[in-house]
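Residue-level structural notes
Here are the chains, one letter per residue:
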Amino acid sequence: MPENKTLLLLCFGFMSFFGEAQDFFHKDSISILADSLHNTEAYKEALIMRKKALKHVDQYNKDYQAYLWSKYYHTRACISENRSYDYYNPKDSISRRERELLLQDAINYIEKARVVYAPATNKDKRYLYDLQNRIYHEKGYLGQWKDALKEANLGYKILKDTLGEKDKKIVDLIYDIGYINGKLGRYNTSAEYYQKSLELYEKILQSPHTDIAQAYLNIAQEYNKMGFRSKELNALLKARDIWEQLQNSDDNGYLYRCYGSLFQWYLNYGDIEVAEHILQKRQKLFKQESTAQLSFIRNHEEEYHENLSQSVDRISLHLKQGDSLAGIKEIDSLLNRIPTRDKMGFKFEAEYKSWAWQEYAGLMKKEYPIKALAAMDSTIAIATLSKFQLDPYPFFTTKARLLVEQEKWEEASFFLEKLIPTITGKERAELFPLYILNGKTLQALERTNEAENNFQNALSEACLHNVSRAGHVSYKDLKPLISFETVEGFMAMGDFYFDRYQKGKDNHDLKTGLERYFLASQLFHNLYLGDRYNKQLFKTYTSLMARLLECAHVLSIKKSPLIAQIVNESENNASRLTWSRFMFSQHANKMGLPKSILEQESDLRSQLEFYFSKRYSFPLEKDSIKTSLWEKNIDSLKWEQRKLMETIKKDYAGYYTLLFHDFDITSLQNELKGNTIILKYLYTQDELFLFEIGKNHLITHLLGKKPSLNTQIKTLLEALRNREHLSSDLQKALLPESISKNVEHMVIIPDGLLSYLPFEVLFDPDQMPAISYAPSLILYQAQMAVKKNTPENKMGAFSSSQTASQLSTLPYAEKEISQILKYFPGDKHTHTGKENFSKEAPNYDLLHIATHSSVDIDPDRSALFFGEEKLFASEIYNKHLNAKMAVLSSCDTGSGSFKNGEGIMSLARAFTYAGVPTTVMGLWQVDDRATAMLMEYFYKHLKEGQTKDVALKNAKLDYLHTIKDPLLRHPYYWAGFVVTGNTDAITENTAIPWWWIVALSFLLGSLWTWKRFGNAGH
């Protein structure tokens, strides 16, 4: 009885399933049952029913006879295919050879099924497609990708007339055709099919859905092969977000692959911290799945494969971290674990072994160039001589690059001449660097015309359409080949033309070279994600800027307007972290972001502030378990913060428009007053350049060699700290004579060692202009744009003369606060704790903080002291402050570690992160009494309506005019406080301008004259 019930349920199940295909009453009852069993993957039981149905086959017409025989072979094929899956069954695994034989049997049976069904005059198209589906899958499983594509395309012809594009079955087929094209190396076609399937999946499936995530993951892999690195990252992030949101253990294998691709992406980008974090997540997932019953590691072969893969990941990470010893040790281990070339059993063994030799060559190339070339020969031998026949092209290209780096030009040329004829069918991302290599080689051999032809070929490969030799190429003409390699390729093109210009002085060569440099700059701008520079980004940036600045120096002599574009490129490509954090703090509520997003962002900031406080307040050695836990929480929260910012960037146009617009120097010049100049200093690897920017002029200066100038700067800083006589040599070096002596306001954008120098010491105090500072032009413009016209100017004054036990007291701090509160109304917070500061600080227009401070090598650990408590810079980063100015009347608040592209990461910089447009900070440990005097004078002049830079200048002059002791008049005592950012006046100037007095006197005089003589006339 139970068996009959089961049979009845199966029949009903089959009725609902097959109702789409044809009227089920036209079939015999045995076939109905067989189909139902087949569709529940009970293939052996279905085969028994198929055989029973065939006993009566002669009773039916020819069409139905063909159908029954086809169904029989179809089920036989499924039995063989299903048995082949045991290759991935850890408990009942079969050999690779057995798997291949079973799949071949499956193909033979399914093709028989198709052949016997062919004579039928009235075919069931859905069943016909089921046959095609099995054929192309089985051929794909055997690696017969060309045949698989042919069968899949035939399946598409069958389905497209039967189903609409809203049917998931046809969308799955479009996805599969994309996958097969990718396996055949047709990456562009593959990406097009994936894109089409993505658009359809998003219409018919409820997001988040694993099929959508899989499409994103696979399209990312095709973008990688095509060199479209930005598109690859966006697709990977979308796939990751979906799978992390689904949290389905069945998808962990895909998420694991996605983490692997993201790890490699960030590693290639040079963001080692993020790459390491992703690798940890990947390893955690692997460990979690390895202990689970349903693991994505399905047999010993896959476990072996994955262990080798993880070794490759560790090697990659060691090498990016610069840990060569760990890298070599891991490479040796990997090479020893993989059998020799003739004993390899798997293709992935050949791939990993050749990769390891290639990385070994990279490690050896500087100190042991011969060993490096020998390692590449080993790589090429594995690729060409092993039974798996890897594509040797990338390894040949790597060897050619090694020869070029070793300046073995003749040997490189000979090698490249052999390589170039083999490039047929290669992707543009592979051809571009090859043409660049050949161009550089021929340029070195002075075969100029041939070199130019190769650079032109490289340009053509990078462009969307054909370009003429003399034609103008803009960024919109380029394919999205956004990578370090492409940037370096365009710099090499620019080098060729600029070098030719220097020899022949042909302006066309200068124009073409500069155009190539601009294209490299725009590619870099689109590669850069907006975070703090990593080593690789900074290396590429400085290399690019050296070229642009050399051109700017030539153009300055020619008085070319192209200098403005070079300034723009320097700002667009400079590290924008401080600027973007400041902009977000200032404008988060104006970007059209949903309240939920803002609350999530605020919550992440609060949690980070909490854990930073815990982590940095706790002695490292006291409880390693606690500190480790806090560090993990910080890493996790940073990761969530990054993901949130990625989402905001991607989904909210207001944020993207605000934070990713290009800088325009002309707009900044239009905002300048006529008596203001900006001096932007830029170091290259060897030299120091200066952009002198005024309202109506823009000039480039080459100031000299970096080592010599840095020696002078260090000498002056040492003399300043030791209160010794200061030489005037540096003024001549840093301030060209062309700079007008009538300048009233000077804005300094320093670079490198100059970030530690107060430029006030370069002037005679009585001839000193009002000087302010900013980390970058784009941040300065943003800070100056902040207009906080709050008339009350309420001040929060915080002091803490009760200090941590290791610090001296600040006897003048409370007196200092009492004096400045005479000028601006507000509240005094003496002996305050950091909790009180965190609570009260957002309520004030002006912040004044007179406490001790400490500077740490790790900028996040620098801190302000509130009694025995420390307020760390990392905590300030994550605040939202509303003040228009923060005065840090503390020692060393402008000191800190110098970060490439960002400048000094100081406590003052933390207040910029928090949205404060102006900071006044101390560059070193300033005398307490001198500080109190300077602060009182500063606020006095602010109250009079003076701009902040003028008020600080006059405060310093007041100090000098007050102090009679020549020792205390040394710049050490007064030059250490500087103002950064917005220099607008705090209050309106109530003094009557002189020209008003003159005009009023003239008017009154005229009225008196008219009254006297007018009356006399009557």
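Residues numbered from 1 in each chain as written. Predicted model: local features only at pLDDT ≥ 70, side-chain atom pairs only at ≥ 80, totals over all residues. Heavy atoms only, no water.

A few words on the overall build of the chain. Within the chain one finds 41 helices and 16 strands. Across the 1018 residues of the chain, 54% fall into the buried class. Taking all contacts inside the chain whose residues are at least 6 apart in sequence as the whole, residues at least 24 apart take part in 68%. Of the accessible surface of the chain, which amounts to about 47,700 Å², a share of 51% is contributed by carbon and sulfur atoms. (Helix = DSSP H or I, 4+ residues; strand = E, 2+ residues; numbered from the N terminus. Buried < 20%, exposed > 50% of the residue type's maximum accessible area, 1.4 Å probe, protein only. Contact = heavy atoms within 4.5 Å. Areas by Shrake-Rupley, 256 points an atom, 1.4 Å probe, with all protein chains shown as cover.)

Most of helix 33 (residues 777-784) is tucked away, with 8 of its 8 residues classed as buried. Here helix 33 has its buried residues at Leu777, Ile778, Leu779, Tyr780, Gln781, Ala782, Gln783 and Met784.

For the rest of this paragraph, the subject is the pattern of salt bridges. Using the criterion set out here, one finds 38 salt bridges in the structure. Asp130 is the salt-bridge partner of Lys169, the closest N and O atoms lying 3.8 Å from each other. A residue pair is termed long-range when its members are at least 10 positions apart, and Lys169 in helix 8 (residues 168-183) and Asp130 in helix 6 (residues 125-141) qualify at 39 residues. Of the charged contacts, one joins Glu138 and Arg134 as a salt bridge, the two residues approaching to 3.9 Å between their closest N and O atoms. Of this pair, Glu138 and Arg134 both sit in helix 6, 4 residues apart, which is roughly one turn of that helix. Residue Glu138 shares its accessibility class with Arg134, and that shared class is buried. One salt-bridge network, held together by shared partners, links Asp35, Arg50 and Lys71. (Salt bridge = Lys/Arg side-chain N within 4 Å of Asp/Glu carboxyl O.)

Before going further, it helps to examine unusual backbone geometry. For Glu41, which is not a glycine, the phi torsion comes out positive at approximately 65 degrees. Its place among the elements puts Glu41 in the loop between helix 2 (29-39) and helix 3 (43-54). Positive phi, normally seen in glycine, also occurs at Glu446, with a value near 60 degrees.

Moving on, we get to the sheet that holds strand 11 (residues 869-872). Spatially, 9-10-11 is the arrangement adopted by the 3 strands of the open sheet, whose pairing is antiparallel. Looking along the sheet, the strands with just one partner apiece sit at the ends: strand 9 (853-854) and strand 11. Pairing of strand 9 with strand 10 (residues 863-866), which is carried by 2 bridges, proceeds in the antiparallel orientation. Residue pairing in the sheet places Ser854 in a bridge with Ala863 of strand 10. (Pairing = 2+ DSSP bridges.)

Moving on, we come to the nonpolar core. Counting 196 residues, the largest nonpolar core has Tyr266, Phe490, Ile566, Ile678, Phe691 and Leu777 as its most contacted members. Leave out the neighbours within four places in its chain, and Ile566 touches Leu514, Phe518, Leu548, Cys551, Ala552, Leu555 and Phe691. (Core = buried A, V, L, I, M, F, W, Y, C linked by side-chain atoms within 4.5 Å.)

Another aspect to go through is the pairing of strand 1 (residues 676-683). Within strand 1, 8 of the 8 residues are buried, which leaves it mostly tucked inside the rest of the structure. Burial of the side chains of strand 1 extends over both faces: Thr676, Ile678, Lys680 and Leu682 are buried on one face and Ile677, Leu679, Tyr681 and Tyr683 on the other. Where strand 1 lies against strand 4 (residues 745-749), 5 bridges are found, and the strand directions are parallel. Counterpart to Ile677 in the pairing with strand 4 is Met746. Bridge analysis of strand 1 against strand 2 (residues 687-693) gives 6 bridges, and the strand direction is antiparallel. Looking at strand 2, one finds that Lys680 is bridged to Phe691. From the end of strand 1 to the start of strand 2, which pair antiparallel, there are 3 residues.

So, about the packing of aromatic side chains. Scanning all chains against the criterion turns up 45 aromatic pairs. Considering the side-chain rings of Tyr304 and Phe348, the 5.7 Å spacing of their centres and the 65 degrees angle between planes classify their relative orientation as edge-to-face. Taken together, the residues span a long stretch of sequence, with Tyr304 in helix 14 (residues 300-321) and Phe348 in helix 16 (residues 347-364) at a distance of 44 residues. On the accessibility criterion, Tyr304 (22% relative accessible area) is partly exposed. (Phe/Tyr/Trp six-rings, centres within 6.5 Å; stacked < 30°, edge-to-face > 60°.)

Turning our eyes to something else, we now look at the packing of helix 22 (residues 484-504) against helix 23 (residues 507-527). Running from amino to carboxyl end, helix 22 crosses helix 23 at an angle of 165 degrees, the nearest separation of the two axes being 7 Å. Judged by the inter-axis angle, helix 22 sits roughly antiparallel to helix 23. Crossing of helix 22 over helix 23 shows left-handed handedness. Residues Phe484, Thr486, Val487, Phe490, Met491, Met493, Gly494, Asp495, Tyr497, Phe498, Arg500 and Tyr501 of helix 22 lie in contact with helix 23, whose contacting residues are Asn507, Asp509, Leu510, Thr512, Gly513, Arg516, Tyr517, Leu519, Ala520, Leu523, Phe524 and Leu527. (Axes fitted to C-alpha atoms, helices over the stretch in contact; angles between N-to-C directions. Parallel < 35°, antiparallel > 145°, perpendicular 65-115°, else oblique. Left-handed = near helix turned anticlockwise from the far one by under 90°.)

The next thing to look at is the side chain of Ser755. Mapped onto the elements of the fold, Ser755 is located in the loop between strand 4 and strand 5 (770-773). The class of Ser755 is buried, set by a relative accessible area of 14%. The contacts of Ser755, once residues within four sequence positions are left out, are Pro750, Phe898 and Ile904.

The next thing to look at is helix 19 (residues 409-419). Within the sequence span of helix 19, burial applies to Ala412, Ser413, Phe415, Leu416 and Leu419. Taken around the axis of helix 19, the buried residues stretch over an arc of 165 degrees, which confines them to a single face. Along helix 19, exposed side chains directed more than 90 degrees from the buried face belong to Glu410, Phe414 and Lys418. (Arc of directions from axis to C-beta.)

What follows concerns the environment of Glu98. The topology assignment puts Glu98 in helix 5 (residues 96-117). Separated by 2.9 Å, the side chain of Glu98 and the backbone nitrogen of Ser95 make a polar contact. (Polar contact = N/O pair within 3.5 Å; in protein donor to acceptor, adjacent residues only side chain to side chain.)

Note: predicted coordinates in regions of low pLDDT should not be interpreted at a detailed level. Of the residues in the chain, 89% reach a pLDDT of 70 or more, and the chain-wide mean stands at 85. Confidence drops under a pLDDT of 50 for residues 1-25, and excluding neighbours within four residues, the segment shows 22 contacts in the predicted structure. (pLDDT = per-residue confidence, 0-100.)

Let us look at the packing of helix 16 against helix 18 (residues 393-405). Between two packed helices, the angle of one axis relative to the other and the distance separating the axes together describe the packing. Put simply, helix 16 and helix 18 touch, their axes get as near as 11 Å, and they point 10 degrees apart. When the axes of helix 16 and helix 18 are compared, the pair comes out roughly parallel. Note on element contacts: helix 18 touches helix 16 through Pro394, Phe395, Thr398 and Leu402, opposite Ser354, Gln358 and Ala361. Considered class by class, the residues forming the contact of helix 16 with helix 18 number 4 nonpolar, 3 polar and no charged. (Nonpolar A, V, L, I, M, F, W, Y, C, P; charged D, E, K, R; others polar.)

Our focus in this paragraph is the side chain of Lys884. Relative to the elements of secondary structure, Lys884 occurs in the loop between helix 36 (873-877) and strand 12 (885-888). Although Lys884 lies buried, it forms no salt bridge, and the closest oppositely charged side chain, Asp845, sits 5.8 Å away as judged by the N-O distance. Of note is the side chain of Lys884, whose polar atom sits 2.7 Å from the side chain of Asn793. (Lys, Arg positive; Asp, Glu negative; His and termini not counted.)

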